[in-house]
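# Chain and residue survey
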Amino acid sequence: MAAAGGVRSRLHNFLEGADIGGGRRLVITGCKTSLKKLVVENAVIVFGRRGCCMCHVVNRLLLGLGVNPAVCEVDEEKEEAVLNELSIVNGGGIQFPAVFVGGKLFGGLDRVMSTHITGELVPILKEAGALWL
């Protein structure tokens, strides 16, 4: 997916194995390792189908709280493989959108919304290092 001006995000380039500058090329040889690395290295990461409205809602909610989550939009043809690899990383079944907080599966839109409504989301995000204030 191209961002404004035709520039692709670093995360999208990482998943595609594209050049990200400086001649460094990240290629996914073992998808599980690469996805696990993404999950562990980001305080909050959202995996979802490309163009999914629920993924957009999760992202907007997190942005509204001051979190800048990494977002991985998955094309239809890669969806099954990504879900399988995320299941291996997590140890269970996963559905999109899948939100990982602090390296662990947090849940989907329903969990994010319910914890936000009850006031539990912000402390969880602070604990994960996604919020400082």
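Residues numbered from 1 in each chain as written. Predicted model: local features only at pLDDT ≥ 70, side-chain atom pairs only at ≥ 80, totals over all residues. Heavy atoms only, no water.

Under an unreviewed UniProt entry, the name given to the protein is Glutaredoxin domain-containing protein, and the source organism is Hibiscus sabdariffa. Of the protein, the UniProt comment under Sequence similarities (unreviewed entry) reads exactly: "Belongs to the glutaredoxin family. CC-type subfamily." What the UniProt record of the protein gives under Subcellular location (unreviewed entry) is the line "Cytoplasm". (UniProt positions renumbered as here; feature names shortened; annotations may be inferred.)

All right, on to helix 3 (residues 53–65) then. Taking 1.5 Å as the rise per residue, helix 3 with 13 residues should run 18 Å; its terminal C-alpha atoms sit 19 Å apart, in good agreement. Buried within helix 3 are the following residues: Cys-55, Val-58, Asn-59, Leu-61 and Leu-62. Burial along helix 3 is one-sided: seen end-on, the buried residues are contained in an arc of 160 degrees. Opposite its buried face, helix 3 presents the exposed residues Cys-53, Arg-60 and Gly-64, each directed more than 90 degrees away. In this structure, the buried side of helix 3 is in contact with strand 1 (44–49), strand 2 (70–74), strand 3 (98–101), helix 5 (109–118) and helix 6 (121–128). Just downstream of helix 3, Gly-66 is the residue with a positive phi angle, here 100 degrees. (Helix = DSSP H or I, 4+ residues; strand = E, 2+ residues; numbered from the N terminus. Expected span 1.5 Å × (residues − 1). Buried < 20%, exposed > 50% of the residue type's maximum accessible area, 1.4 Å probe, protein only. Arc of directions from axis to C-beta. Contact = heavy atoms within 4.5 Å.)

Attention shifts here to the pattern of salt bridges. Any two side chains of opposite charge can pair, on the condition that their charged atoms come close. Going through the model one piece at a time under the given rule, you end up with two salt bridges. A salt bridge links Glu-79 to Arg-49, with the shortest nitrogen-to-oxygen separation between them at 3.0 Å. Of this pair, Glu-79 sits in helix 4 (residues 79–90) while Arg-49 sits in strand 1; the two residues are 30 residues apart in sequence, bridging distant segments of the chain. Overall, Glu-79 belongs to the buried group, its relative accessible area being 15%. Judged by relative accessible area, Arg-49 falls into the partly exposed class, the value being 35%. When the shortest N-O distance is used, the salt bridge between Arg-50 and Asp-75 registers 3.0 Å. Placement of the pair is Arg-50 in the loop between strand 1 and helix 3 and Asp-75 in the loop between strand 2 and helix 4, with a sequence separation of 25 residues. (Salt bridge = Lys/Arg side-chain N within 4 Å of Asp/Glu carboxyl O.)

Time to look at the sheet that holds strand 4 (residues 104–107). Sheet architecture is open: four strands sit in the order 2-1-3-4, paired in mixed fashion. Each having just a single partner strand, strand 2 and strand 4 make up the two edges of the open sheet. Neighbour-to-neighbour, the strand axes of the sheet open up by a mean angle of 25 degrees, direction not taken into account. Sheet strands touched by helix 4: strand 1, strand 2, strand 3 and strand 4. Its angle to strand 1, the strand with the most contacts, is close to 145 degrees. Helix-sheet contacts for helix 6 involve strand 1, strand 3 and strand 4, and the interaxial angle to strand 3 is about 55 degrees. (Pairing = 2+ DSSP bridges. Axes fitted to C-alpha atoms, helices over the stretch in contact; angles between N-to-C directions.)

Attention shifts here to the nonpolar core. By size, the foremost hydrophobic cluster in this structure holds 17 residues, and its most contacted members are Val-44, Leu-62, Val-67, Val-99 and Leu-125. Ranked by residue count, the leading element in this core is helix 3, at four residues. Of all hydrophobic cores here, the second largest spans 15 residues; its members include Ala-70, Leu-83, Ile-94 and Phe-100. (Core = buried A, V, L, I, M, F, W, Y, C linked by side-chain atoms within 4.5 Å.)

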